[in-house]
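What follows is each chain in one-letter form.
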Amino acid sequence: MADSIMISTGSSFEGYEIVDYLGFISSQSLLGSNFLSGITSAVADVSEKDMRKLDKCRADAADRLLKMAEKKNANAIIGLKMTYASFDGGSFGVVMTGNAVTVRRKVVTDDSVYKELYVTNYYQRVVPRPVKVILNGNRDVIDMKIVCYNYNNDDILSVRTDVEFTNLYDEHLIIKNVDFVFTKANNTSVIESDYIMTNLGYNDIQILKDAKIVLNKYVTPRGILACNDTPINIDMSYSRLESLKEKRGIDAVSKYKTDGMIWTCNCGHVNEAGAEECIVCGRKQKDIATKAAFDYEAMIDEMRQKEYVIEIKDVLMGHLKEIDTKYRIPLLEIMESGLQYERTRGNMKESVIEKVEKLFEEDSEE
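Quick caveat: nothing in here was measured; it's all calculated off a predicted structure. (Residues numbered from 1 in each chain as written. Predicted model: local features only at pLDDT ≥ 70, side-chain atom pairs only at ≥ 80, totals over all residues. Heavy atoms only, no water.)

(A) Spotlight on the packing of helix 7 (residues 309-319) against helix 8 (residues 325-345). Between helix 7 and helix 8, the least distance of the axes is 9 Å, while the angle of their chain directions is 165°. Taken together, helix 7 and helix 8 sit at an angle that is classed as roughly antiparallel. For helix 7 against helix 8, the interelement crossing comes out left-handed. Between helix 7 and helix 8, the contacting residues are Val 309, Ile 310, Ile 312, Lys 313, Leu 316 and Met 317 on the first element and Leu 331, Leu 332, Met 335, Glu 336, Gly 338, Leu 339 and Glu 342 on the second. A breakdown of the residues in the contact of helix 7 with helix 8 according to their chemical character gives 9 nonpolar, 1 polar and 3 charged. (Axes fitted to C-alpha atoms, helices over the stretch in contact; angles between N-to-C directions. Helix = DSSP H or I, 4+ residues; strand = E, 2+ residues; numbered from the N terminus. Parallel < 35°, antiparallel > 145°, perpendicular 65-115°, else oblique. Left-handed = near helix turned anticlockwise from the far one by under 90°. Contact = heavy atoms within 4.5 Å. Nonpolar A, V, L, I, M, F, W, Y, C, P; charged D, E, K, R; others polar.)

This is the structure in structure tokens:
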């Protein structure tokens, strides 16, 4: 063990922390009484033999010091000092001192935190639409910025907002009158604000699941413009929202819907049936129209009225003949998996319905 004891003339070891101070230790090793007088009488003529004796003396003193540290169950010595000393009777030797300690390697932790949250509400008006909140920082400070979709490619200078976060416990944190400034080239469709400092805590960021933004006013070279509308909450799960944005763009908040009289664009705007493209975002209806022939939404609405997966499966079996054959096996697998998990993990209704919905949507949005 002595061979593994670390030694330092300083007070610490890089990459290690001291966990216990075990006490002062010292050792010495002596040479003959005539050694010192022999050296001092002719310093220039010190022989190799004398130097070897001195080296051995130092090594003996070091070895004894290590053994003393070992007896104290130390794994390191700090503050090592070595001196040459003369003793009574004319003897000469080496004295070594130090402090025996226990050290351990520091655990290097990355305390940085980064989180992106899609904004789960929106405005139908043509205003800068906040679509994402980005949080970035460490245990000392958390910075925040937002990403907006800029439909008119306006030169947005700043926006004043209320930001509401929801965590995994469904607790809400609202930050009022937050000003985000845009100093980068911002007359493009997607713009990012500069970072601002927040009072958010490091641990708070870890459990955030949702962000909503109320747009109070914004500034362009034309002046200050107010937004007095009430934002609309997005009516889908967060995972489905992520999937929709991946396929339809960062501003997408709704799947395509139509009743023959009106149609809802992916951007959330409701257009008249005769409109070939959305008057807000310019998406063409023919490009985003759902291709699935089967009205799966009516079936899913029926499933939502049920409580357990076994009941949801009964709904599916009632529609199975109407469903394209390519969906049948995947749907049955979803049901069987849900039934198994429900026996051990509790109610799986929402998870199963979400998977069914996603199966149809992924095909209709290709």
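And the narrative resumes.
(B) How the structure looks around the pairing of strand 7 (residues 129-137). Of all 9 residues that make up strand 7, 8 are buried, and the element is covered over most of its length. Pairing geometry for strand 5 (residues 113-118) and strand 7, over 6 bridges, is antiparallel. Following the sheet pairing, Tyr 114 is matched in strand 7 by Asn 136. The pairing of strand 7 with strand 8 (residues 142-149) spans 8 bridges and is classified as antiparallel. Residue pairing for strand 8: Pro 130 is matched across the bridge by Cys 148. Hairpin remark: strand 7 followed by strand 8, antiparallel, with 4 residues in the connecting loop. (Buried < 20%, exposed > 50% of the residue type's maximum accessible area, 1.4 Å probe, protein only. Pairing = 2+ DSSP bridges.)

(C) Representation of the sheet that holds strand 4 (residues 92-105) within the structure. Sheet architecture is open: 4 strands sit in the order 1-3-4-2, paired in mixed fashion. Of all the strands in the sheet, the pair left with one neighbour each is strand 1 (6-7) and strand 2 (16-31). Pairing of strand 1 with strand 3 (residues 76-86), which is carried by 2 bridges, proceeds in the parallel orientation. Directly across from Ile 7, in strand 3, lies its bridge partner Ile 77.

(D) Representation of the pattern of salt bridges in the model. Evaluation of the coordinates by the stated rule reveals 20 salt bridges. Two residues, Glu 116 and Lys 132, come together in a salt bridge whose shortest N-O distance is 3.1 Å. Remark: Lys 132 occurs in strand 7 and Glu 116 occurs in strand 5; sequence separation between them is 16 residues. Salt bridges sharing partners connect three or more residues here, namely Arg 240, Lys 255, Arg 304, Glu 350 and Glu 357. (Salt bridge = Lys/Arg side-chain N within 4 Å of Asp/Glu carboxyl O.)

(E) Looking closely at the environment of Lys 255. You can see Lys 255 is positioned in the loop between helix 4 (238-248) and strand 16 (257-258). Residue classification places Lys 255 among the buried positions, given a relative accessible area of 11%. The spacing of Lys 255 and Asn 266 is 11 residues in sequence and 5.3 Å in space, taken between C-alpha atoms. At 3.3 Å, the side chain of Lys 255 and the side chain of Glu 357 are in polar contact. (Polar contact = N/O pair within 3.5 Å; in protein donor to acceptor, adjacent residues only side chain to side chain.)

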